[in-house]
Amino acid sequence: MDTEDRILPMLPQTPVARAAVELVRSSESEPVANHSIRSYVFATLLAEHEGLAAGTDFDAELLFHSCVLHDLGASPSAPGRARFEVEGADMAARFLTEHGYGADRTDPVWEAIALHTSDGIAERRGVLAYLTRRGIGMDFGFGTEFLTDAQGEALHGRYPRLDMTTVLVDDIVRQAARSPQAGARYTLPGEFLRERGEPGAVTALELAARASRWGS
C-alpha cells in the first residue's frame with residue numbers, strides 16, 4: 001500500500017461501481033469525470049471527519065453513485081429537455097435500475113443528484129443528500145479546512161483538475177441553451193447561461209473557484 005492509499009479512501013471495486021466509472025469516463029470529459037470521482041472521495045473524508053459511519057448513518061455504495069454520476073446531465077448524452085441536475089438524476093436512476101437496483105435504492109440517489117445544487121434544501125433531505133452536496137462543493141474549494149495539504153495533493157495527483165470549473169460550466173451552459181426548460185430562470189444552469197451572456201464573461205462560480213484552495 002503506497003502513501004496515497006493510506007491517506008485517501010479507495011474507490012469501491014464492485015462490478016456496478018466499475019461500470020459507473022466506465023459510464024462517466026465514456027460520457028464526460030476527463031476534467032468533469034475527475035471532478036465526479038474526487039467529489040466522492042471528499043464526501044467520504046467529510047463523513048469520517050464528522051463521525052458519520054457507513055452502514056449506520058449512510059449507505060456508502062449509494063454515496064459513491066450519487067457523487068460519481070451527479071454530472072451525467074451535463075454530458076452530451078443528456079436530452080437537454082430539463083435542467084441538468086434532473087436529467088442527471090434520471091440517467092443515474094436508469095443506470096442503477098438496469099443493474100438491478102430497486103426503487104428503495106435508486107430514489108435516494110435520484111434525490112441527492114437532483115438537489116445537489118440546491119443550497120439549503122439538500123442539507124435537509126438526509127445524510128446522503130447532505131454528503132453528496134458537500135462533497136461536490138469541497139471540490140470547488142468550499143469547506144475544506146479540515147483536510148490536510150497531503151490529502152489534497154494526493155487526490156489531485158491521482159485525478160488532476162485540468163481547469164475543471166470552466167469545462168464544467170461550459171458543459172452546463174451548452175446543455176442549458178438547448179431548451180427553455182433546461183435553462184429556466186432562477187435555476188443554476190439558467191444563471192450560468194445568463195452570466196455567460198456576453199463574450200468572454202466569467203461566472204461567479206469560476207471566479208470563486210479560482211480564488212479557492214484548489215484553484216479552477
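Procedures and definitions
Residues numbered from 1 in each chain as written. Predicted model: local features only at pLDDT ≥ 70, side-chain atom pairs only at ≥ 80, totals over all residues. Heavy atoms only, no water. Helix = DSSP H or I, 4+ residues; strand = E, 2+ residues; numbered from the N terminus. Rg over C-alpha atoms; globule rule 2.2 N^0.38 Å. Buried < 20%, exposed > 50% of the residue type's maximum accessible area, 1.4 Å probe, protein only. Core = buried A, V, L, I, M, F, W, Y, C linked by side-chain atoms within 4.5 Å. Contact = heavy atoms within 4.5 Å. Phe/Tyr/Trp six-rings, centres within 6.5 Å; stacked < 30°, edge-to-face > 60°. Lys NZ or Arg CZ within 6 Å of the ring centre and 35° of its normal. UniProt positions renumbered as here; feature names shortened; annotations may be inferred.

An unreviewed UniProt entry annotates the chain as HD domain-containing protein originating from Kitasatospora gansuensis.

Colleague: It is not clear to me how the overall build of the chain should be interpreted in this structure. Could you clarify?
Modeller: A count of helices and strands for the chain gives 11 helices and zero strands. Traced from its N-terminal end to its C-terminal end, the chain shows the element sequence α-α-α-α-α-α-α-α-α-α-α. Taken over the C-alpha trace, the chain has a radius of gyration of 16 Å; the compact-globule value for 216 residues is 17 Å, and the two agree within 12%. Taken across its 216 residues, the chain has 51% of its residues classed as buried.

Colleague: Honestly, the nonpolar core in this entry has me stumped. Any pointers?
Modeller: Across soluble globular proteins, you tend to see nonpolar side chains buried next to one another. Among the nonpolar cores identified, the biggest contains 48 residues, and Tyr40, Leu63, Phe64, Leu69 and Leu131 are the most heavily contacted of them. Mapped onto this core, the elements with two or more residues apiece are helix H2 (15-27), helix H3 (30-49), helix H4 (60-68), helix H5 (84-98), helix H6 (103-114), helix H7 (127-138) and helix H8 (149-158). Broken down by element, this core gets its largest block of residues, nine residues, from H3. Those residues in contact with Tyr40, other than ones at most four positions away along the chain, are Met10, Leu11, Pro12, Ala60, Leu63, Phe64, Cys67 and Val68.

Colleague: I tried to follow the packing of aromatic side chains on my own but got confused; where do I start?
Modeller: Two aromatic rings are characterised by how far apart their centres lie and by the angle between their planes. Summed over the entire model, instances satisfying the criterion amount to three aromatic pairs. When the centroid spacing of 5.8 Å and the interplanar angle of 20 degrees are considered together, the rings of Phe42 and Trp214 count as stacked. Residue Phe42 is found in helix H3, and its partner Trp214 is found in the segment after helix H11 (204-210); the two are separated by 172 residues along the sequence. The exposure class assigned to Trp214 is buried, which follows from its relative accessible area of 15%. Both rings, one in Phe140 and one in Phe142, keep their centres 6.5 Å apart while their planes meet at 20 degrees; by these two values the pair is stacked. Residue classification places Phe142 among the partly exposed residues on the basis of a relative accessible area of 40%. The ring centre of Tyr186 lies 5.1 Å from the NZ or CZ of Arg185, which sits over that ring.

Colleague: I tried to follow the UniProt feature "domain: HD" (unreviewed entry) in the chain on my own but got confused; where do I start?
Modeller: The positions that UniProt labels "domain: HD" (unreviewed entry) are, in the present scheme, residues 32-123. Helix makes up 59% of residues 32-123 and strand 0%, and the two end C-alpha atoms of the span are 23 Å apart.

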